[in-house]
Amino acid sequence: MKRGHGWTERLLATLGIAALGLLALLAGCNGDAAGPERVAEVTITATGNKTQLLVGEQVQLTATALDRHGAPLSGRSFSFASSNGAVAIVDPVTGLVTAVGAGTVRISAHVEGVSGFVDLGISVVPVATVRVTPGALALHLQWTEPLTVVLEDASGSTLVGRTISYTSSDENIARVSASGVVSGWGIGDAAITVTSEGKSATVAVTVSQAPVHGIEILPGSANIPDGLEIQFSVALTDARGFNLSRPITWSSSSEAVATVSGTGRAFGVAPGEATVTASVEGKSASVPLIVRARVATIVVSPAAATMRRNEELQLGVTLFDRNGTVLTGRAISFSPFAGVAVTTEGLVRALETGEGNIIVRSEGREALVPLRVIEPVMFVDVTPLIATVPVGSQTQLIVTLRDRAGHVLTDRAIDFSSANTNVASVSPTGLVTGVTGGTTMITVLSEGVSRMVQITVP
């Protein structure tokens, strides 16, 4: 019986152990039914742990998802992003990073709401060599030449987008712009230094005078009176059209006609033709010079005049040389005084009363035309206006002339005329004489203004 009781105990123990195992198995099954483990952390690593790149380089990033225990989780897809696309860009699916600009950038990977990141430093490839062409420059004053600069890295690859500076050893001789254009400023030698990121190259510059390429005399021709002068000038240019300054040698083909000074001032000696030549550094130019007879005398007609206000008067001008020969085709100018206007053709118009001289000029000579401007007659008063003059008797007409303001005018011409001299005649002084019986009219006229007088002869 004891033996049976012990067997029973062992059977119950065995059944208990089996039950515990079954419970454990069920618990395991219940855990699998809850789903896959969630992502707790994301880590990113770069191939070769390379976190410092040069512009243009690439690096592959690998993202790993970890559970809460730090165990890697597989089968996850990541999304990659760059914090600054101007520094580095990243393929959003593969995680391949390309460096595009200097700076620091953060690359992040995202999965199931969890992110991880890695910081990368990007720097430019350093300049190793500065190459400049041409390697030497020979310039003339005012000329310019551009420099061509190529920057290379240590492997000989060309670099772009780098800062380049230019300096001259002597800006009194050669200057260089911020874009590398060299200009000649003074005669001599200088050096242009081209620098980028601590590397430099030097270009030797020699500046010299440019030879004369073009020569032009101004004016291109001249026509002057004898005894007068004209100043010639010269425009010198080099092969690029820049103005030059050089000593000039002047000469005349006929000094009996015209002489030329060392400064290019020509003097007309006698009527004729000559050639004026300017020479410099083996170059020369010539212009024709005509010397004509000079105006010696100016004769104006009328030589003097009295005008009424608002009247016009045409002046006639005749020019003579020293031999009395009439000259034509010469420039003539007129200078009026206040209250008088004169056209370039010599037409005078009296604007206000007054006196003065009109000056007529030609080739340094002048003539004076005295001119007096007076008020015109506006009113003619006659006494008597009606008169009876017996045959053989006489009556004196008294005439008073007045201007627009009623002022009495004197020294004016007065004309008298009879409509019928068979009845009554009138003298130039206004004395009327009765001739035969009848009636007639006497006209008193002054400067276009008239008055009528009735005369009856009984």
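Before reading further, recall that the structure is shown in the block above.
Residues numbered from 1 in each chain as written. Predicted model: local features only at pLDDT ≥ 70, side-chain atom pairs only at ≥ 80, totals over all residues. Heavy atoms only, no water.

For the rest of this paragraph, the subject is the sheet that holds strand β22 (residues 229-231). Taken in spatial order, the three strands make up an open sheet running β22-β27-β26, and their pairing is antiparallel. In this open sheet, the two strands that pair with only one neighbour each are β22 and β26 (258-260). Neighbouring strand axes in the sheet, compared pairwise and without regard to direction, differ in orientation by 20° on average. One ladder, built from three bridges, connects β26 with strand β27 (residues 265-268); its direction is antiparallel. Paired with T259 across the two strands is F267, which belongs to β27. (Pairing = 2+ DSSP bridges. Helix = DSSP H or I, 4+ residues; strand = E, 2+ residues; numbered from the N terminus. Axes fitted to C-alpha atoms, helices over the stretch in contact; angles between N-to-C directions.)

Another point: the pattern of salt bridges. Pairs can form between side chains of opposite charge once their charged atoms are near each other. Applying the stated criterion across every chain yields a total of 20 salt bridges. In this structure, D119 engages R106 in a salt bridge whose closest nitrogen and oxygen atoms are separated by 2.8 Å. Placement of D119 in strand β9 (residues 114-123) and of R106 in strand β8 (residues 103-111) is noted, with a sequence separation of 13 residues between them. Among the ionic pairs, R246 bridges to E281, the shortest N-O distance being 2.8 Å. Taken together, the residues span a long stretch of sequence, with R246 in the loop between β24 (243-244) and β25 (249-252) and E281 in the loop between β28 (272-280) and β29 (283-292) at a distance of 35 residues. One salt-bridge network, in which partners are shared between bridges, spans R292, R330 and E363. (Salt bridge = Lys/Arg side-chain N within 4 Å of Asp/Glu carboxyl O.)

Counting 46 residues, the largest nonpolar core has V130, V132, L147, V182, V205, F232 and L289 as the members making the most contacts within it. Other than its neighbours up to four places away in sequence, V132 contacts L147, T148, V149, V194, A201 and V203. Counting residues in hydrophobic clusters, the runner-up holds 25 residues, among them A46, L73, V97 and L120. (Core = buried A, V, L, I, M, F, W, Y, C linked by side-chain atoms within 4.5 Å. Buried < 20%, exposed > 50% of the residue type's maximum accessible area, 1.4 Å probe, protein only. Contact = heavy atoms within 4.5 Å.)

Another point: the sheet that holds strand β34 (residues 326-327). If you walk across this open sheet you meet the three strands as β30-β33-β34, and the pairing is antiparallel. The sheet terminates laterally at β30 (297-301) and β34, the two strands that pair on one side only. For strand β33 (residues 316-320) and β34, the ladder comprises two bridges, and the chain directions are antiparallel. Within the sheet, the bridge partner assigned to F320 lies in β34 and is V326.

To continue, consider the side chain of R309. Among the structural elements, R309 can be located in the loop between β31 (305-308) and β32 (312-314). Within the local environment of R309, its side chain forms a polar contact with the side chain of E375, the two groups lying 3.1 Å apart. R309 has contacts with A350, L351, E352, V373, I374, E375, P376 and R404, leaving out every residue within four places of it along the chain. (Polar contact = N/O pair within 3.5 Å; in protein donor to acceptor, adjacent residues only side chain to side chain.)

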